[in-house]
Protein chains: 2
Amino acid sequence: MFELAADGLPKRGELPAEPTQADRFGKARTAQSTAVMEDYVELISDLIGSGGEARPTDIARRLGVSHPTAIKTIARLKREGLAVAKPYRGVFLTEAGEHLADRVRARHRVVVDLLVAVGVPRDAAEQDAEGIEHHVSDATLAAFADYLRRDR
Amino acid sequence: MFELAADGLPKRGELPAEPTQADRFGKARTAQSTAVMEDYVELISDLIGSGGEARPTDIARRLGVSHPTAIKTIARLKREGLAVAKPYRGVFLTEAGEHLADRVRARHRVVVDLLVAVGVPRDAAEQDAEGIEHHVSDATLAAFADYLRRDR
DNA sequence: TTGTAAATGTAGCCAAGGCTACATAGTATA
DNA sequence: TATACTATGTAGCCTTGGCTACATTTACAA
Ligand SMILES: [Mn+2]
Ligand SMILES: [Mn+2]
Ligand SMILES: [Mn+2]
Ligand SMILES: [Mn+2]
């Protein structure tokens, strides 16, 4: 079974060898696994930025999930070093969490703007961006930003 | 708790009332839950279309997952009426599965083309499309197609 | 201050989608 | 045909991210 890439085509020789279809699917799965945490840190940052505090109940309502679900995901954020929270006090972001929130928010905005710029109706753009954003790589994000700069 | 939308803004009165942030997150989660099945039916259709048969081992290798994982997901496809398979025979798509595969394949192509058209490098476009495609609504897809028609 | 409502937390369940280890069935070859 | 390799299937485990039901804590108002 050597000398055959996963898509069935013969390898052309030396490495690095272009990414296989399996690589692409794997990366898409990885991106997906970070999507929930990205939405949480973005939302927590927004809540703190506007109202002052991010309570689990508010987070749950805004995300449309039950409060135990929100609490469990917040526990994961803490485990991963993105947030801190003490019982009955609000949730706060660590430095790492803030940085992630900033990047996620910027990317969200660029994705919506790009969609609108190519003609997607505002509502659909807002809706679809919520999922699309988590699969936009740095290279694609840069291309989107370039396009928007050229376009306007 | 009446008269307040989930984002804290007062409702303007009659229905339908614009989608809340919670609605958007919810729909993004729904889209995600269909992503794996979409990739499977597209791949099964491709394998049958080119080689003639879609064996669980080939499916697993192309997706970059273990074969038990592939078999379990194929079982789900059968449960949902998208595929049929008998032990030690290949996997086949039902009418519904074929239709889904056709739509998914078309959408995949449009997404890649759109990304390339706005300036995303080919590699990044191929990669990111694998995740993005599952979050592109019909409205957005139509806008993409329009853009491509205008553009070229 | 005391009583109630809201917020928070805990326990325990589920399905999806991963995995490894092992068993069985088919296929090809010596 | 006997044997070995490959493909398929099964069992059992894990994590994520949902949920409901119930317990506890806090905040607020009477
Ligand atoms: Mn999102
Ligand atoms: Mn977002
Ligand atoms: Mn895909
Ligand atoms: Mn695809």
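Residues numbered from 1 in each chain as written. Chains lettered and ligands numbered in written order. Predicted model: local features only at pLDDT ≥ 70, side-chain atom pairs only at ≥ 80, totals over all residues. Heavy atoms only, no water.

### Concerning the relation of the copies chain B and chain A
With an RMSD of 0.0 Å, the fit of chain B onto chain A corresponds to turning through 180° and sliding 0.0 Å along the axis. Interpreted geometrically, this transformation is the action of a two-fold axis. Scanning chain B for the C-alpha nearest the rotation axis identifies I132(B), at a separation of 2.5 Å. In this assembly, 100% of the residues forming the interface of chain B have copies in chain A that are likewise at the interface, indicating an isologous arrangement. (Least-squares fit on C-alpha atoms with pLDDT ≥ 70 in both. Contact = heavy atoms within 4.5 Å.)

### Considering the interface of chain B and chain A
Counting residues at the interface gives 38 residues for chain B and 38 residues for chain A. Considering only the side of chain B, the residues that lose the most area to chain A are F25(B), R62(B) and Q127(B), jointly responsible for 17% of the buried surface there. Across the chain B-chain A interface, the total number found is 0 salt bridges. Our enumeration of links across chain B and chain A arrives at 15 residue pairs in polar contact (both at pLDDT 80 or more). Counting residues per element, the ones that place at least two in the side of chain B that touches chain A are α1 (21–50), α2 (56–63), α5 (122–132) and α6 (138–151) of chain B. Across the side of chain B that touches chain A, the residue classes break down as 17 nonpolar, 9 polar and 12 charged. (Buried area = accessible area lost by both parts, 1.4 Å probe. Salt bridge = Lys/Arg side-chain N within 4 Å of Asp/Glu carboxyl O. Polar contact = N/O pair within 3.5 Å; in protein donor to acceptor, adjacent residues only side chain to side chain. Helix = DSSP H or I, 4+ residues; strand = E, 2+ residues; numbered from the N terminus. Nonpolar A, V, L, I, M, F, W, Y, C, P; charged D, E, K, R; others polar.)

### Notes on the protein's contact with DNA strand D
Taken together, the neighbourhood of DNA strand D is formed by 19 residues, with S66(A), K72(A), R76(A), R29(B) and T57(B) sitting nearest. The share of sugar and phosphate among atoms of DNA strand D within 4 Å of the protein is 63%. One of the side-chain nitrogen or oxygen atoms of R76(A) is found 2.5 Å away from a phosphate oxygen of DNA strand D. Y88(A) places a side-chain nitrogen or oxygen 3.1 Å from a sugar or linking oxygen of DNA strand D. If you list the elements that add at least two residues to the surface near DNA strand D, you get α1 (21–50) and α3 (67–79) of chain A together with α2 and α3 (67–79) of chain B. Here the surface near DNA strand D takes 5 residues from α3(A), the largest share from any one element. (Near = heavy atom within 4 Å.)

### Digging into the confidence of the model for chain A
Overall, the predicted model of chain A reaches an average pLDDT of 90, with 89% of residues at or above 70. Every residue in residues 1–13 of chain A scores below 50 in pLDDT, and together they form 10 contacts with partners more than four places removed in sequence or on other chains. (pLDDT = per-residue confidence, 0-100.)

### Things to note about the coordination of the manganese ion (ligand 2)
All names here are of chain A. All of the protein donors around the manganese ion (ligand 2) are E42 (OE), H108 (ND1), E130 (OE), E133 (OE) and E133 (OE); their distances to the metal are 2.2 to 2.7 Å. Read N to C, the donor residues that coordinate the manganese ion (ligand 2) are spaced as E-x65-H-x21-E-x2-E. In this structure, the manganese ion (ligand 2) is positioned 3.6 Å from the manganese ion (ligand 1), and both are ligated by E130. Linking H108 in helix α4 (residues 95–117) with E130 in helix α5 (residues 122–132), this pair joins segments that are 22 residues apart in sequence. By the burial criterion, H108 is buried, and E130 matches it. (Donors = N, O, S within 2.8 Å, 3.2 Å for Na, K, Ca; no water. Buried < 20%, exposed > 50% of the residue type's maximum accessible area, 1.4 Å probe, protein only.)

### Digging into the protein's contact with DNA strand C
For DNA strand C, the set of nearby residues contains 19 residues, the closest of which are R29(A), T57(A), S66(B), K72(B) and R76(B). In DNA strand C, atoms within 4 Å of the protein come 62% from sugar and phosphate. Within the backbone of Y88(A), a nitrogen or oxygen atom sits 3.1 Å from a phosphate oxygen of DNA strand C. Listing elements by their share of the surface near DNA strand C, those giving two or more residues are α2 (56–63) and α3 of chain A together with α1 and α3 of chain B. A total of 5 residues in the surface near DNA strand C trace back to one element, the largest contributor, which is α3(B). Tallied by class, the residues present in the surface near DNA strand C amount to 9 nonpolar, 5 polar and 5 charged.

### Notes on the coordination of the manganese ion (ligand 3)
Residues and elements named next belong to chain B. Distances from the manganese ion (ligand 3) to its protein donors, D39 (OD), E130 (O), E130 (OE), E133 (OE) and H134 (NE2), fall at 2.0 to 2.3 Å. Read N to C, the donor residues that coordinate the manganese ion (ligand 3) are spaced as D-x90-E-x2-E-H. A spacing of 3.6 Å is found between the manganese ion (ligand 3) and the manganese ion (ligand 4), which share E130 as a donor.

### A short note on the nonpolar core
Counting residues in hydrophobic clusters, the biggest one holds 32 residues, and the most contacted among them are F144(A) and F144(B). When contributions to this core are tallied by element, the ones reaching two or more residues are α4, α5 and α6 (138–151) of chain A together with α4 (95–117), α5 and α6 of chain B. Ignoring sequence-local partners within four residues, the contact set of F144(A) consists of V110(A), V111(A), L114(A), V136(A), L115(B), V118(B) and V120(B). (Core = buried A, V, L, I, M, F, W, Y, C linked by side-chain atoms within 4.5 Å.)

### Looking at the side chain of H135(B)
When you line up the elements, H135(B) lands in the loop between α5 and α6. Relative accessible area serves as the criterion here: at 7%, H135(B) is assigned to the buried category. Discounting residues that sit within four places of it in the chain, H135(B) has contacts with Q32(A), D128(A), G131(A), I132(A), H135(A), A28(B), A31(B) and Q32(B).

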